[in-house]
Amino acid sequence: MPVDAELEHLPPELRWREWMGRVEAVIFAASEPVTRSVLARVVGRNCNLELIIDDIRAELAGRPYELVAVAGGWQHRTKKAFADVIRSAFGTAAGQGTKDLSQAEALVLMCIVYFQPITRSELSSFFGKEVSRDLIGVLRAQDLIASGPRSPQPGAPYTYVTTKTFLSQFGLDTLRQLPDFEALEDAGLLSKEKLLAGDIMPDFSNGDQDDVSGPDM
C-alpha cells in the first residue's frame, strides 16, 4: 500500500513531526548512509529535508549518537566521545567495518585518495617500490577502493579510485572535505619528497605489520 507522503489532512505542525519521525526511522533502519532520493519517498514534495535533518539533530543533542552526513547521505553514528567506552565493551569502535591497515596499506590508500584515478604502476613509480597486487587486494577486499576508468597508457590498465565505503568509514560526505595536500605538506604532516624517496615506506611487496587504524589514518 502506497505511503501518504503529503499528509495534507494533518495540520502543519503534526505533519512536520510525522515527517521527522519517518526520516529518522528510515535512517535508523538502514545499514548504510541514506540518500536524499530515498528520504524523498516518505515526505511531501514541499518538505525541506535539510530543515528536517537540522530539527532531528537538535533533538539528538543530548544523546550519545548523532545524525551525520557521510558518503552522499545521512547516517546515525555514535559520538566520538563514547569511542573508548564502546571499544572497552566490544573491543572495537562502533561502525568500524574495516580491519586495521598496515602502514604500507594506509599510505597507498592515501595516495589513491589524493591522486585518483591512478594505476598500480603509477603507484609503484610514485614510491619507487613495487606496490603488490596483494596489497591492492586488501584495500579492494575492504571496499575502500575500486576499479576506475582505464588509463590511456599502453595496454589500457585499470586505474583505482576510492568508494562510498571509504567516505563512510572516514566520516566524509565528499572528497572535497579532505585536507588540502599542500596544506598537509606545509604543516609538516606529509612530505611528497619522502614518499618519493621511500623514506617512510616499509615494504610494499609483502605489506608492513605495524598497524595503522583505518579511520584514524
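Source: prediction; values computed, not measured.

Asks: Looking at this model, I keep getting lost on the overall build of the protein. Mind explaining?
Replies: In terms of helices and strands, the protein carries 10 helices and six strands. Per-residue burial over the protein gives 38% buried out of 217 residues. Considering only contacts within the protein whose residues lie at least 6 apart along the sequence, 57% involve residues at least 24 apart. Carbon and sulfur atoms form 52% of the exposed surface of the protein, whose accessible area is close to 12,600 Å².

Asks: Hey, could you run me through the nonpolar core in this one?
Replies: A general trend in soluble globular proteins is that nonpolar side chains are found buried together. Counting 27 residues, the largest nonpolar core has Val 108, Leu 109, Ile 112, Leu 123, Ile 136, Leu 139 and Phe 166 as the members making the most contacts within it. When residues of this core are assigned to their parent elements, the largest contribution, nine residues, is made by helix H5 (residues 103-115). The contacts of Leu 139, once residues within four sequence positions are left out, are Leu 101, Glu 105, Val 108, Leu 109, Ile 112, Leu 144 and Ile 145. Judged by nonpolar contacts, the second largest core, of 17 residues, contains Trp 19, Val 23, Ile 52 and Trp 74.

Asks: Hey, could you run me through the pattern of salt bridges in this one?
Replies: Side chains that carry opposite charge are capable of pairing whenever their charged atoms lie near each other. Applying the stated criterion across every chain yields a total of five salt bridges. Where Glu 18 meets Arg 22, a salt bridge forms, and the shortest distance between an N and an O atom there is 3.0 Å. Here Arg 22 and Glu 18 lie together in helix H1 (residues 12-29), a separation of four residues that amounts to about one turn.

Asks: Would you mind going over the environment of Ala 30 with me for this structure?
Replies: For Ala 30, the position within the fold is in the loop between H1 and helix H2 (36-39). Placed 45 residues apart in sequence, Ala 30 and Gln 75 show a C-alpha to C-alpha distance of 8.0 Å.

Asks: Got a minute to help me understand the packing of aromatic side chains in this structure?
Replies: Any pair of aromatic rings gets described here by the distance separating the centres and the angle formed by the planes. Applying the stated rule across the entire model yields two aromatic pairs. Aromatic pair Trp 16 and Trp 19: ring centres 6.3 Å apart, planes at 65 degrees, arrangement edge-to-face. One end of the pair is Trp 16 and the other is Trp 19, both in helix H1 and three residues apart, which spans about a single turn. Judged by relative accessible area, Trp 19 falls into the buried class, the value being 7%. Ring plane angle 35 degrees and centroid distance 4.8 Å describe the contact between Phe 166 and Phe 170, whose orientation is recorded as tilted. Phe 170 carries the same exposure label as Phe 166, and that label is buried.

Asks: Just checking my understanding: could you explain the confidence of the model for the protein for this structure?
Replies: Any region with low pLDDT has predicted coordinates that should not be read closely. Scored by pLDDT, the protein comes out at a mean of 79, with 79% of its residues at no less than 70. Taken as a whole, residues 200-217 scores under 50 in pLDDT and shows 52 contacts with residues more than four places along the chain or in a different chain.

Asks: Help me out: how do you make sense of the packing of H5 against helix H6 (residues 120-127) in this one?
Replies: Packed helices, taken two at a time, are described by the angle their axes make and the gap between the axes. In the contact formed by H5 and H6, the axes pass within 11 Å of each other and the chain directions differ by 110 degrees. Classified by the interaxial angle, the pair formed by H5 and H6 is roughly perpendicular. Here the hand of the crossing between H5 and H6 comes out right-handed. Contacts from Leu 107, Val 108, Cys 111, Ile 112 and Phe 115 of H5 reach H6 at Leu 123, Phe 126 and Phe 127.

Asks: How should I be thinking about the pairing of strand S5 (residues 158-162) in this particular structure?
Replies: Two faces make up the sheet, and in a regular strand the side chains alternate between them. Counting buried residues along S5, four of its five residues qualify, which places the element largely inside the surrounding structure. For strand S4 (residues 145-150) and S5, the ladder comprises four bridges, and the chain directions are antiparallel. Among the inter-strand pairings, Ala 146 is bridged to a residue of S5, identified as Val 161.

Asks: I would appreciate a short explanation of H6 in the present structure.
Replies: Two residues of an α-helix separated by three or four positions point the same way, owing to the 3.6 residues in each turn. Of the residues making up H6, those classed as buried are Arg 120, Leu 123, Ser 124, Phe 126 and Phe 127. Down the axis, H6 shows its buried residues gathered within 160 degrees of arc, on one side only. Of the residues flanking the end of H6, it is Gly 128, one or two places downstream, whose phi is positive at about 75 degrees.

Asks: Please explain the packing of H5 against helix H7 (residues 133-141) as it appears in this structure.
Replies: Packing of H5 against H7 leaves a shortest axis separation of 10 Å and a crossing angle of 75 degrees. Put simply, H5 runs roughly perpendicular to H7. For the pair H5 and H7, contact is made by Ala 104, Glu 105, Val 108, Leu 109 and Ile 112 and by Leu 135, Ile 136, Val 138 and Leu 139, respectively. Residue classes in the contact of H5 with H7 are distributed as eight nonpolar, no polar and one charged.

Calculation criteria
Residues numbered from 1 in each chain as written. Predicted model: local features only at pLDDT ≥ 70, side-chain atom pairs only at ≥ 80, totals over all residues. Heavy atoms only, no water. Helix = DSSP H or I, 4+ residues; strand = E, 2+ residues; numbered from the N terminus. Buried < 20%, exposed > 50% of the residue type's maximum accessible area, 1.4 Å probe, protein only. Contact = heavy atoms within 4.5 Å. Areas by Shrake-Rupley, 256 points an atom, 1.4 Å probe, with all protein chains shown as cover. Core = buried A, V, L, I, M, F, W, Y, C linked by side-chain atoms within 4.5 Å. Salt bridge = Lys/Arg side-chain N within 4 Å of Asp/Glu carboxyl O. Phe/Tyr/Trp six-rings, centres within 6.5 Å; stacked < 30°, edge-to-face > 60°. pLDDT = per-residue confidence, 0-100. Axes fitted to C-alpha atoms, helices over the stretch in contact; angles between N-to-C directions. Parallel < 35°, antiparallel > 145°, perpendicular 65-115°, else oblique. Left-handed = near helix turned anticlockwise from the far one by under 90°. Pairing = 2+ DSSP bridges. Arc of directions from axis to C-beta. Nonpolar A, V, L, I, M, F, W, Y, C, P; charged D, E, K, R; others polar.

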